[in-house]
Amino acid sequence: MRQNNQSKLQQALGDKKLIEQLANSPDAQALAGMLTQGTDQASLQKIAERAARGDTAQLKSLIQSITSSPGGAELLQRLGKNFK
């Protein structure tokens, strides 16, 4: 089942139109606002680079701060549904 989900994710990531629609959605804009609230662009870039190398501690912390914020978990759920 997990393999099937990864395949679907890879297909979705290859769909430029879907990615563009999702990125321009109000939910994505709200998420971007949450990500940049209290964190500058350079810090976000470093977090992403570390996560790509396997050090996901800061990324997990950032996600946890979003999911524990008012409306954050709901926002991520809506984005997840739109991405499927």
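Here the structure is a predicted model, which means the values were calculated and not measured. (Residues numbered from 1 in each chain as written. Predicted model: local features only at pLDDT ≥ 70, side-chain atom pairs only at ≥ 80, totals over all residues. Heavy atoms only, no water.)

S.K.: What is the right way to read the nonpolar core from this model?
M.R.: Leu22, Ala28, Leu31, Ile66, Leu75 and Leu79 form the largest nonpolar core, which has 6 residues in total. For this core, the secondary-structure elements that each account for two or more residues are helix 3 (26-36) and helix 6 (72-83). In contact with Leu75, not counting residues within four places along its chain, are Asp27, Ala30, Leu31 and Met34. (Core = buried A, V, L, I, M, F, W, Y, C linked by side-chain atoms within 4.5 Å. Buried < 20%, exposed > 50% of the residue type's maximum accessible area, 1.4 Å probe, protein only. Helix = DSSP H or I, 4+ residues; strand = E, 2+ residues; numbered from the N terminus. Contact = heavy atoms within 4.5 Å.)

S.K.: Can you walk me through the environment of Ala23 in this structure?
M.R.: Take Ala23: it is sitting in helix 2 (residues 16-23). A relative accessible area of 40% means that Ala23 is categorised as partly exposed. Each C-alpha atom of the pair Ala23 and Leu79 lies 9.8 Å from the other, and the pair is 56 residues apart in sequence.

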